[in-house]
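# Report on the structure
Each chain, letter by letter, is given below.
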Amino acid sequence: MPVTAPEHVRTTGRTTAARWARRGAAPGLLFAAVATVVWSGSFVTSRALHDSVPPVQAAFWRWMVAVVAVAPFAVRAAWRQRALIRRHPRFLLAASLLGVTVYNTLVNQAGLTTSAGNMGMIMAASPVVMALYERLGGTRLGARRTTGMLVACGGVLLLVGDGSLSADFSAGDLWMFTAALSFASYSALLRRRPAGIDGLVLLFVTFVLGVLLLAPVFAVSLALQGGFAPTAGTVGPLVYVGVFSSAVAFFAWNRAVALIGAARAGAVYYLQPVCVALLSYAVLGESMGPAQFVSMGLILGGVMLAAARGATAAT
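Residues numbered from 1 in each chain as written. Predicted model: local features only at pLDDT ≥ 70, side-chain atom pairs only at ≥ 80, totals over all residues. Heavy atoms only, no water.

## Thoughts on the overall build of the chain
Within the chain one finds 13 helices and 0 strands. Secondary structure elements of the chain, listed N to C terminal, follow the sequence α-α-α-α-α-α-α-α-α-α-α-α-α. Scored against the burial criterion, the 315 residues of the chain give a buried share of 48%. Of the contacts formed within the chain by residues at least 6 apart in sequence, a portion of 90% connects residues at least 24 apart. Of the roughly 14,700 Å² of accessible surface on the chain, a fraction of 68% belongs to carbon and sulfur atoms. (Helix = DSSP H or I, 4+ residues; strand = E, 2+ residues; numbered from the N terminus. Buried < 20%, exposed > 50% of the residue type's maximum accessible area, 1.4 Å probe, protein only. Contact = heavy atoms within 4.5 Å. Areas by Shrake-Rupley, 256 points an atom, 1.4 Å probe, with all protein chains shown as cover.)

## Examining a nonpolar patch on the surface
On the surface, a cluster of nonpolar side chains totalling about 340 Å² of accessible area is made up of L30, V34, F244 and V248. Positionally, L30 belongs in helix α1 (residues 7-48). (Patch = residues over 30% accessible without salt bridge, like charges linked within 9 Å, V, L, I, M, F, W, Y side chains within 5 Å. Salt bridge = Lys/Arg side-chain N within 4 Å of Asp/Glu carboxyl O.)

## Some remarks on helix α4 (residues 89-110)
Here α4 spans 30 Å end to end across 22 residues, near enough to the 32 Å set by a 1.5 Å rise per residue. Remark: the principal bend of α4, roughly 35 degrees, maps to L97. (Expected span 1.5 Å × (residues − 1). Bend = angle between axes of the 7 residues up to and from the residue.)

## Here's the deal with the packing of α4 against helix α8 (residues 171-189)
In a pair of packed helices, the angle between the axes and the distance between the axes together describe the arrangement. One can describe the packing of α4 onto α8 by two numbers: an axis separation of 8 Å at closest approach and a directional angle of 160 degrees. Judged by the inter-axis angle, α4 sits roughly antiparallel to α8. Like other packed secondary-structure pairs, α4 and α8 cross with a definite hand, here left-handed. Judged by residue contacts, F91, A94, A95, L98, G99, V102, Y103, L106, V107, Q109 and A110 of α4 engage G172, W175, M176, T178, A179, S182, F183, S185, Y186 and L189 from α8. (Axes fitted to C-alpha atoms, helices over the stretch in contact; angles between N-to-C directions. Parallel < 35°, antiparallel > 145°, perpendicular 65-115°, else oblique. Left-handed = near helix turned anticlockwise from the far one by under 90°.)

## Digging into the nonpolar core
Counting residues in hydrophobic clusters, the biggest one holds 64 residues, and the most contacted among them are F43, M123, M176, F183, F207 and W253. For M176, the contacting residues outside a window of four places in its chain are F43, V107, A110, M119, I122 and M123. Counting residues in each nonpolar core, the second largest holds 6 residues, with V53, F228, L238 and V241 among its members. (Core = buried A, V, L, I, M, F, W, Y, C linked by side-chain atoms within 4.5 Å.)

## Regarding the environment of C153
Note that C153 resides in helix α7 (residues 143-160). With 26 residues separating them in the primary sequence, C153 and P127 have C-alpha atoms 9.5 Å apart.

## A few points about the side chain of N108
Mapped onto the elements of the fold, N108 is located in helix α4. Classification of N108 by relative accessible area gives buried; the value is 8%.

## Considering empty space enclosed by the protein
Using the criterion set out here, one finds 1 cavity of 30 Å³ or more in the structure. Considered as a void within the structure, the largest cavity measures approximately 90 Å³ in volume. Together, 13 residues line the largest cavity, and T45, S46, L49, A58 and N108 are the ones closest to its centre. Residue assignment for the lining of the largest cavity shows that the elements contributing at least two residues are α1, α2 (55-80), α4 and α10 (232-260). Looking at the lining of the largest cavity element by element, the count peaks at 3 residues for α2. Its residues placed into classes, the lining of the largest cavity shows 7 nonpolar, 5 polar and 1 charged. (1 Å grid on protein atoms, 1.4 Å probe; cavity = no way out; pocket = protein on both sides within 12 Å on 5 of 7 lines; lining within 4 Å. Points joined across faces, edges and corners; volume = space filled by probe spheres on them. Nonpolar A, V, L, I, M, F, W, Y, C, P; charged D, E, K, R; others polar.)

## Quick notes on the packing of aromatic side chains
Counted by the stated rule, this structure contains 11 aromatic pairs. Between W61 and F218 the ring centres are 5.9 Å apart and the planes differ by 90 degrees, which places this aromatic pair in the edge-to-face class. You can see W61 sitting in helix α2 and its partner F218 sitting in helix α9 (residues 199-225), a full 157 residues away along the chain. The exposure class assigned to W61 is partly exposed, which follows from its relative accessible area of 35%. Between the aromatic rings of F207 and F250, the centroid separation amounts to 6.2 Å while the plane-to-plane angle is 85 degrees, which identifies the pairing as edge-to-face. Linking F207 in helix α9 with F250 in helix α10, this pair joins segments that are 43 residues apart in sequence. Three or more aromatic residues joined by ring pairs make a cluster, and in this case those are W63, Y103, F183, Y186, F207, F250 and W253. Here the basic side chain of R82 rests over the ring of W79, its NZ or CZ set 4.0 Å away from the ring centre. (Phe/Tyr/Trp six-rings, centres within 6.5 Å; stacked < 30°, edge-to-face > 60°. Lys NZ or Arg CZ within 6 Å of the ring centre and 35° of its normal.)

## Structural notes on the environment of S40
As for its placement among the helices and strands, S40 is situated in helix α1. We classify S40 as buried; its relative accessible area is 0%. Among residues more than four places away in sequence, those in contact with S40 are Q272, C275, V276 and L279.

## Digging into the confidence of the model for the chain
Averaged over every residue, the pLDDT of the chain is 77; the share at 70 or more is 79%. The least confident element of the chain is α1, whose mean pLDDT is 66; the most confident is helix α3 (residues 82-86), at 93. Segment residues 8-21: pLDDT under 50, and 3 contacts once partners within four positions in sequence are set aside and those in other chains are kept. Within the model, the stretch residues 310-315 combines pLDDT values under 50 with 16 contacts to residues more than four positions away or in other chains. (pLDDT = per-residue confidence, 0-100.)

Pasting the structure below:
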């Protein structure tokens, strides 16, 4: 006859789990916010480099810088976990392809023909896809989070449509939608991260694999388009995206997803269009008007509603 734990033991276990979930919520939201703010700068730099560094070359050197930045902290741990790494080649290759090779290259490609503001706005579509992935996985999103996401989505549509709910998409906008899908798929894949792989090791391995996957395309770009002049205006942005937008932001985002899930972290990601719009206005001189401020208010309100305590329903 099976032995069933007393009701008070089961209740205590659920209470303890809920308490630990709440403790993880605040750091998780903070990690998601850090990643979102840092990534906002990468859209501005991608746009700033659009006429001086070819997209594939910008992506290749970004991840080379990221590998160098992470290596001192991760090489020894990666060597210790080499047997575990060898057991999960499909996961690591998929994460590298989606989060490193494809995503950033598409962002750089989009920067050729669309504004930094539009890039950040369109990337706000990725949390919707993250939430759909989690819903398909059995997570109930809850009325509060769903409402917050809809409000934030409305703000994004207003931003893209410059005050209306219609939008005239350029080729760069379409590249960004594909990038958003790639990043959302990467974030959903993180929930299947193999147990035991250290966070820094995961970053280091995916960065290295991402560079290796980019190398053949980089060689073709170099042969057909030539290199670029290594000046302060090109090297500086590449160092920023390599160290901060890659090493720091990806570490923070992976921690956020581990603590609070991709859907809830994605709710914070809606802040990115606001950050990108402000940065592109300050750095690139891109215009802002009343429609942008109204849209930002909707996005901020939606994020606060979707990320609030209690916005997550039981699974």
